[in-house]
Amino acid sequence: MTQPSNTQRHQIIIVGGGAAGISVAASLLRRDQSLDIGIIEPSDRHFYQAAFTLVGAGCYAAEATVREEVGLIPSGVNWIRAAATRFDPDGNIVELDSGLSVEYEYLVVCPGLALNWEGIEGLPETIGKNNVSSNYLLEYARYTRSSLESLEGGRLLFTQPPMPIKCAGAPQKIMYLAANELERNNKLGNFDIEFHTATPALFGVADFVPPLMKYIERYGVSLNLQSNLVAIDGNQI
Ligand SMILES: Cc1cc2nc3c(=O)[nH]c(=O)nc-3n(C[C@H](O)[C@H](O)[C@H](O)COP(=O)(O)OP(=O)(O)OC[C@H]3O[C@@H](n4cnc5c(N)ncnc54)[C@H](O)[C@@H]3O)c2cc1C
């Protein structure tokens, strides 16, 4: 059957060219070079998100987390530069925002997680100012750094929302790194540090809790389990 001209076809279609999509494509090609793979990815930039925590902590250059997507798509894979807008699993078709469609034999879906700032009342209005930050976006990871550098004392709140989140360890990692920096600069005593997590335990894997508790104690962190941030007024800070 002749395909309509606005439909491409690939044996394997991967939606999302982030860490997962690129890894899947590379791994499949390593097993079988003859595979016909297309990656649907709208962005020309790839972010090494795991290092955003380190950007906030001042241990990693922000620019080093950004790479050109074109240099990361494995050779032989067709990059379809568009966003998937609709799945038709019965017809084995993905529709794109470009108006085109792609037909596949196998589909791998890995578009990552979308950030939901609106999930916390008042957060969209204050994030990126008033010393309110989040390392889940590079722009704000830079702001975390400048905030931490400017503070001389006070109350530092680190919060972790319920799952799903991009990285379960990120809220604690920046807290320990920030506290360590304050300790090295003899400023730790000027701060009251609190950790509020929506989870019932400090970490989901029980074996990791005792070593993490040593750092909670070392930095004098007030630990608040099942405590979930629901609203924020940045102007009151
Ligand atoms: C602050 C922070 C710290 C982290 N620390 C660690 C760590 O220490 N260790 C660790 O293992 N992990 C860590 N992670 C998690 C890790 O970065 C993610 O697990 C990983 O990036 C997920 O890869 P992904 O490809 O699933 O999603 P992403 O990397 O988010 O990529 C998704 C891709 O899909 C694309 N996309 C979105 N919608 C569409 C659409 N409709 N059509 C087509 N494409 C679309 C996006 O443009 C993006 O390129 C951290 C994450 C953050 C934010």
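In case you missed it, the structure is sitting above this.
What you see is a predicted model, and the numbers here were worked out from it, not measured in a lab. (Residues numbered from 1 in each chain as written. Predicted model: local features only at pLDDT ≥ 70, side-chain atom pairs only at ≥ 80, totals over all residues. Heavy atoms only, no water.)

**Points about the pattern of salt bridges**
Our working rule: Every case where a carboxyl oxygen of Asp or Glu lies within 4 Å of a side-chain nitrogen of Lys or Arg is listed as a salt bridge. Secondary structure elements follow DSSP: runs of H or I of four or more residues count as helices, runs of E of two or more count as strands, with numbering from the N terminus. Type-normalised accessible area, obtained with a 1.4 Å probe on protein chains alone, sets the label of each residue: buried when under 20%, exposed when over 50%, and partly exposed for intermediate values.
Under the definition given, this model contains nine salt bridges. R81 is paired through a salt bridge with D44; the nearest N and O atoms lie 3.7 Å apart. Within this pair, whereas R81 is found in the loop between β5 (78-80) and β6 (84-88), its partner D44 is found in the loop between β2 (37-40) and β3 (45-47), the two being separated by 37 residues in sequence. Residue D44 is classed as partly exposed on the basis of its relative accessible area, which comes to 34%. E149 is paired through a salt bridge with R145; the nearest N and O atoms lie 2.9 Å apart. Linking E149 with R145, this pair stays in helix α4 (residues 138-150), spanning four residues, or about one helical turn. Among the ionic contacts, a cluster of salt bridges with common partners joins R145, E149 and E181.

**Let's talk about the nonpolar core**
Threshold: What we call a nonpolar core is a set of buried Ala, Val, Leu, Ile, Met, Phe, Trp, Tyr and Cys residues that are connected through their side-chain atoms within 4.5 Å. Whether two residues touch is decided by their heavy atoms; if any such pair falls within 4.5 Å, the residues are in contact.
L156, F158, M175, Y176, I193 and V221 are the most contacted members of the largest nonpolar core, which has 20 residues in total. Secondary-structure elements contributing two or more residues to this core are β9 (154-160), α5 (170-184), β10 (191-197) and α6 (209-218). Residue contacts for L156: discarding those within four places in its chain leaves L151, L182, F191, D192, I193 and E194. Listed in part, the 10 residues of the second largest apolar core include I14, L29, I39 and V77.

**Examining the site of the ligand**
Defined as follows: One heavy atom suffices: a residue is near a molecule or strand as soon as one of its heavy atoms comes within 4 Å of it. As used in this structure description, the phrase polar contact means that two N or O atoms lie within 3.5 Å; if the pair is within protein, one of them must be able to donate a hydrogen and the other to accept it, and residues adjacent in sequence are counted only when both atoms belong to side chains. Computed with a 1.4 Å probe, the accessible areas rest on the Shrake-Rupley method; for each residue, only the protein chains presented here act as cover. In this classification, Asp, Glu, Lys and Arg are treated as charged, Ala, Val, Leu, Ile, Met, Phe, Trp, Tyr, Cys and Pro as nonpolar, and every other residue, Gly included, as polar.
The full set close to the ligand counts 23 residues, and A20, E41, Q49, A84 and K173 are the nearest of them. In the environment of the ligand, an oxygen atom lies 2.8 Å from a nitrogen or oxygen atom belonging to the backbone of A20. Compared with its free state, where it exposes 1000 Å², the ligand has 69% of that area covered by protein. Contributing elements (two or more residues each) for the shell around the ligand: α1 (19-31), α2 (52-57) and α5. Residues of the shell around the ligand, tallied by class, amount to 14 nonpolar, six polar and three charged.

**Side note on a nonpolar patch on the surface**
Here is the rule we go by: Exposure above 30% relative accessible area and no salt bridge define the residues that can form patches, which grow by joining like charges within 9 Å and nonpolar side chains of Val, Leu, Ile, Met, Phe, Trp and Tyr within 5 Å.
The grouping of Y48, L54 and Y60 at the surface amounts to a nonpolar patch, some 260 Å² of accessible area in total. Inspection of the secondary structure assignment puts Y60 in the loop between α2 and β4 (66-68). Given a relative accessible area of 31%, Y60 falls into the partly exposed group.

**Quick look at the packing of α5 against α6**
Stated precisely, the cut-off is as follows: Every angle, taken between N-to-C directions, lies between 0 and 180 degrees, and every axis is a line fitted to C-alpha atoms, over only the stretch in contact when it is a helix. Our angle categories are set so that under 35 degrees counts as roughly parallel, over 145 as roughly antiparallel, 65 to 115 as roughly perpendicular, and the remainder as oblique. Left-handed describes a crossing whose near helix is turned anticlockwise from the far helix through less than a right angle; right-handed describes the clockwise counterpart.
One way to put it is that α5 packs onto α6 with a least axis distance of 11 Å and a crossing angle of 40°. Viewed along their axes, α5 and α6 adopt a mutual orientation that is oblique. Here the hand of the crossing between α5 and α6 comes out left-handed. Taken together, the residues of α6 that come into contact with α5 (itself represented by Q172, M175, Y176, N180 and E183) are L212, Y215, I216 and R218. The class makeup of the residues in the contact of α5 with α6 is five nonpolar, two polar and two charged.

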